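So you can see what is in the structure, the chains are spelled out below.
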Amino acid sequence: RPGFGPPPPPRPPPAPPPPPPPLPAGLPLHSHQQQLEQQLKSNKRTAAGKSWEDLTLAQFPENDFRLFVGNLAKDIRDDQLAEAFRSRYPSFAMARICFNKHDSKSRGYGFVSLMDAKDCARALREMDQTWLGSRPIKVKRSEWKERDLKEVSKQKRREKRRNKRHLY
């Protein structure tokens, strides 16, 4: 019966938290912290009525100018796309081709990140319809910022306010 007899034995103290992962060799402390922050940073996205968390956006530099590169041949690799832009634009930061996660085949498009707005505008004019591999590529301004959950919410609020003004 509860309340009778000796008290239960004391519980053991909780286990200490695991130690942080060791620093990779050759990386300064602030670089390692940046890598950890990028892994923890989440980017909530929305499109076509669905929302998801996109971890790949943390790999791109902040405040970059991103281009969508479409109509890529299936045999084009990241380094080939990077070299096509790196050789012409000094502010080139990175390039990434998107792959199907089920069979690891190229989806036929990718993204290029440039740090300078003038280089981005030049790349839009100069690289569109140029040949990369066996196809002419299509270069457009990326719409990744417009798909950010905060931006979508902000746009909905603006439209709602605009519609209220026109009711009278």
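This paragraph deals with unusual backbone geometry. Of note in this structure, Ser 104 is not a glycine but carries a positive phi near 60°. Phi is positive for Gln 129, close to 70°, though the residue is something other than glycine. The residue Gln 129 is located in the loop between α3 (117-127) and β6 (131-132) in this model. In this structure Gln 129 comes out as partly exposed when scored by relative accessible area, which is 47%.

Now for a positive patch on the surface. A grouping of Arg 157, Arg 158, Arg 161 and Arg 162 is seen on the molecular surface, where their side chains present a positively charged patch. Take Arg 161: it is sitting in helix α4 (residues 149-165). Judged by its relative accessible area of 49%, Arg 161 falls in the partly exposed class.

Let us now look at the sheet that holds strand β5 (residues 106-114). One key point about sheets: their strands pair by backbone hydrogen bonds, in either a parallel or an antiparallel sense. One open sheet accounts for four strands, arranged β4-β5-β3-β8; its pairing is antiparallel. Both edges of this open sheet fall to β4 (92-99) and β8 (138-141), since each of them pairs with a single strand only. On average, each strand axis in the sheet is inclined to that of its neighbour by 25°, with strand direction left out of account. Pairing of β4 with β5 involves six bridges; the strand directions are antiparallel. Across the sheet, Phe 92 pairs through a bridge with Leu 114, a residue of β5. The strands touched by helix α2 (residues 78-86) are β3 (65-70), β4, β5 and β8; relative to β4, the strand with the most contacts, the crossing angle is about 145°.

This paragraph deals with the pattern of salt bridges. What the rule picks out here adds up to six salt bridges. Of the charged contacts, one joins Asp 64 and Arg 66 as a salt bridge, the two residues approaching to 3.1 Å between their closest N and O atoms. Each member of the pair, Asp 64 as well as Arg 66, carries the same accessibility label: buried. The shortest N-O distance in the salt bridge between Arg 86 and Glu 83 comes to 3.2 Å.

Bringing the nonpolar core into the picture now. Residues Leu 81, Phe 85, Val 112, Leu 114 and Met 127 are the most contacted members of the largest nonpolar core, which totals 21 residues. Those elements that place two or more of their residues in this core are β3, α2, β4, β5 and α3. Broken down by element, the residue count for this core peaks at four residues, all from α2.

Rules used in this analysis
Residues numbered from 1 in each chain as written. Predicted model: local features only at pLDDT ≥ 70, side-chain atom pairs only at ≥ 80, totals over all residues. Heavy atoms only, no water. Helix = DSSP H or I, 4+ residues; strand = E, 2+ residues; numbered from the N terminus. Buried < 20%, exposed > 50% of the residue type's maximum accessible area, 1.4 Å probe, protein only. Patch = residues over 30% accessible without salt bridge, like charges linked within 9 Å, V, L, I, M, F, W, Y side chains within 5 Å. Areas by Shrake-Rupley, 256 points an atom, 1.4 Å probe, with all protein chains shown as cover. Salt bridge = Lys/Arg side-chain N within 4 Å of Asp/Glu carboxyl O. Lys, Arg positive; Asp, Glu negative; His and termini not counted. Charge placed at Lys NZ, Arg CZ, Asp CG, Glu CD. Pairing = 2+ DSSP bridges. Axes fitted to C-alpha atoms, helices over the stretch in contact; angles between N-to-C directions. Contact = heavy atoms within 4.5 Å. Core = buried A, V, L, I, M, F, W, Y, C linked by side-chain atoms within 4.5 Å.

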